[in-house]
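Each chain is listed here by its residues.
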Amino acid sequence: QVQLVESGGGLVQDGDSLRLSCAASGRTFGWYAMGWFCQAPGREREFVASITGSGGRTYYTDAVKDRFTISRDNAKNTVYLQMNSLKPEDTAVYYCAAKGGPNSASTQPAPYDYWGQGTQVTVSS
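Now for a description of the structure that goes with this document. Values in this document were obtained by computation on a predicted structure and should not be read as measured data. (Residues numbered from 1 in each chain as written. Predicted model: local features only at pLDDT ≥ 70, side-chain atom pairs only at ≥ 80, totals over all residues. Heavy atoms only, no water.)

### Remarks on the packing of aromatic side chains
For clarity, the cut-off: Two rings from Phe, Tyr or Trp (for Trp, the six-membered ring) form a pair when their centres are within 6.5 Å of each other. A pair whose planes differ by under 30 degrees is stacked, one over 60 is edge-to-face, and the rest are tilted. Secondary structure elements are defined from DSSP: runs of H or I of at least 4 residues count as helices, runs of E of at least 2 residues count as strands, and each element is numbered from the N terminus. Here the term buried applies to any residue with accessible area under 20% of the maximum for its type, exposed to any over 50%, and partly exposed to those in between, with areas from a 1.4 Å probe on protein chains only. Here, over-ring charges are defined by two tests on the NZ atom of lysine or the CZ atom of arginine: distance to the ring centre within 6 Å, and angle to the ring normal within 35 degrees.
Inspection of every chain in the model, using the stated rule, returns 6 aromatic pairs. Aromatic side chains Phe37 and Phe47 sit 5.7 Å apart centroid to centroid with 70 degrees between the ring planes, which places their arrangement in the edge-to-face category. Of the two residues, Phe37 sits in strand 4 (residues 32-39) while Phe47 sits in strand 5 (residues 46-51), which places them 10 residues apart along the sequence. Judged by centre distance (6.2 Å) and plane angle (65 degrees), the rings of Tyr112 and Trp115 are edge-to-face. Judged by relative accessible area, which is 27%, Trp115 ranks as partly exposed. Put simply, the rings of Phe37, Phe47, Tyr112 and Trp115 pair up and form one aromatic cluster. Geometry around Phe29 places Arg72 over its ring, the cationic atom sitting 4.4 Å from the centre.

Below, the structure is given as structure tokens:
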């Protein structure tokens, strides 16, 4: 069992930055690939970024590829999402998720076993 707690969301202006954090319980954090997903009102949950257990490989949706960076610190059981040049269309609830098996960081929500409660990101124009 893994528990995930996100933090770092908030209200910012167009062009600002935020760093989301997701703290995980347990002592086998490095065994899990981690992902960030977002969900805006009226939309399905969408992939943002993911990272393998070692942090050696990362994946991004095209819309954020040059603006967001996913990283992890396995010693702190934490995964991060650095969000730069934020846009109003980035407004959503952001969720982190954990997937058993460190070498495959899926871009789909279904393979992820554990989810956090989400943190709201609002970007005003």
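Additional details are given in the paragraphs that follow.
### A short note on the state of the cysteines
Selection criterion: We call a pair of cysteine sulfur atoms a disulfide when they lie within 2.5 Å.
The full count for this structure, using the stated rule, is 1 disulfide. Linked covalently through their sulfurs, Cys22 and Cys96 form a disulfide whose S-S length is 1.9 Å. Classification of the bridge connecting Cys22 and Cys96 rests on its S-S torsion, roughly 45 degrees, and on that basis the disulfide is right-handed. Of this pair, Cys22 sits in strand 3 (residues 18-24) while Cys96 is found in strand 9 (residues 92-100), placing the two residues 74 residues apart along the sequence. Here Cys96 falls in the buried class, since its relative accessible area comes to 0%.

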